Every structure is written in C-alpha cells, then in structure tokens.
Amino acid sequence: MDVELVRVVETCRPYSAMAGTLRQWEATDAEGFFLLLSFKSGMGTAHRLKDNDSWGQRTDDYDLVAEFDTGDAAECELSLEEFCRRAGIRLAESVVVVTLEQRQ
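Residues numbered from 1 in each chain as written. Predicted model: local features only at pLDDT ≥ 70, side-chain atom pairs only at ≥ 80, totals over all residues. Heavy atoms only, no water.

Caption draft 1: Summary view of the environment of Arg-103. Mapped onto the elements of the fold, Arg-103 is located in helix H2 (residues 100-103). Along the primary structure Arg-103 and Glu-10 are separated by 93 residues, whereas in three dimensions their C-alpha atoms are 8.8 Å apart. Filtering out sequence-adjacent residues up to four positions away, Arg-103 remains in contact with Val-9, Glu-10, Thr-11 and Val-98. (Helix = DSSP H or I, 4+ residues; strand = E, 2+ residues; numbered from the N terminus. Contact = heavy atoms within 4.5 Å.)

Take a look at the structure:
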C-alpha cells in the first residue's frame, strides 16, 4: 500500500530511564485516512483505520500497513523520518508535524 503522510502528531515519547517504553504518532494520509504509528522494543507498526466513520476501538477496525523489526529489543527511540523510512511510508513535502512540545 502506497502511503503518504500529510499531518503527523507526536502522542507519546519513550522515557529514557525505562526500557521498552513506547514512541507513537497519530497521522493523516493524503487520502484523509487516520493512521497510528507505534515503535516499541525495536518493533515498528503502522495501522490505518479502515473506515474513518468507525471509532477505531477494535483491532479489526485497522489494516496493518507496515511492520518492521530493528533487531534490537532494547531500542525505543526512533525519529519519525527513520520510522517512515523503515516502514516504507513517505512524508509529504509539505507535511505538518506537531511535536509534544508544540501541543503544550
């Protein structure tokens, strides 16, 4: 599936003193669909909501778009750009990225 992200909001950042914590972003693709990007313990996944009218409360509300394993279970920090590269997802040239600091 060809995915291009146009808006990304950082929702969770790993806590450096605690191994295995989560890095997460919520995103919108060029087609207007919601995606959840997660990275934890060296494993990355990108899920796309099947139908924007659903609540996304159940796992079957999402399609798996991409997954990858860095091979390092202790790894929890990964940039958005690196996540997308490994997942085969493109960031639009004019992508809007909102960090946790910008949300406060």
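Having seen the structure, we can now continue with the description.
Caption draft 2: Local environment of the nonpolar core. Formed by 18 residues in total, the largest nonpolar core has its most connected members in Leu-5, Leu-35, Leu-37, Ala-46, Phe-83 and Ile-89. At the level of secondary structure, the elements contributing two or more residues to this core comprise strand S1 (4-12), strand S2 (23-29), strand S3 (34-40), strand S5 (62-69) and helix H1 (80-87). Not counting chain neighbours up to four residues away, the residues in contact with Ile-89 comprise Val-3, Leu-5, Leu-37, Ala-46 and Cys-84. (Core = buried A, V, L, I, M, F, W, Y, C linked by side-chain atoms within 4.5 Å. Buried < 20%, exposed > 50% of the residue type's maximum accessible area, 1.4 Å probe, protein only.)

Caption draft 3: Region of interest: the pattern of salt bridges. All told, the structure shown has ten salt bridges when counted by the stated rule. Residue Glu-77 pairs with Arg-23 through a salt bridge whose shortest N-O separation is 2.2 Å. Of the two residues, Glu-77 sits in the loop between S5 and H1 while Arg-23 sits in strand S2, which places them 54 residues apart along the sequence. The residue Arg-86 makes a salt bridge to Glu-82 at a minimum N-O spacing of 2.7 Å. Here Arg-86 and its partner Glu-82 are both found in helix H1, four residues apart, which amounts to about one turn of the helix. (Salt bridge = Lys/Arg side-chain N within 4 Å of Asp/Glu carboxyl O.)

Caption draft 4: Layout of the side chain of Glu-10. With respect to the helices, strands and loops of the structure, Glu-10 is situated in strand S1. A polar contact of 2.6 Å, which involves the side chain of Glu-10, links it to the side chain of Arg-13. (Polar contact = N/O pair within 3.5 Å; in protein donor to acceptor, adjacent residues only side chain to side chain.)

Caption draft 5: View of unusual backbone geometry. Notably, Ser-41 is not glycine yet its phi reads approximately 50°, a positive angle. With respect to the helices, strands and loops of the structure, Ser-41 is situated in the loop between S3 and strand S4 (43-49).

Caption draft 6: Up close: H1. Burial in H1 covers these residues: Leu-80, Phe-83, Cys-84 and Ala-87. Taken end-on, H1 shows its buried residues confined to a sector of 95°, consistent with a single buried face. The exposed set on the far side of H1, more than 90 degrees from its buried face, consists of Glu-81 and Arg-85. (Arc of directions from axis to C-beta.)

Read these as layout, nothing more, since geometry by itself doesn't imply function.
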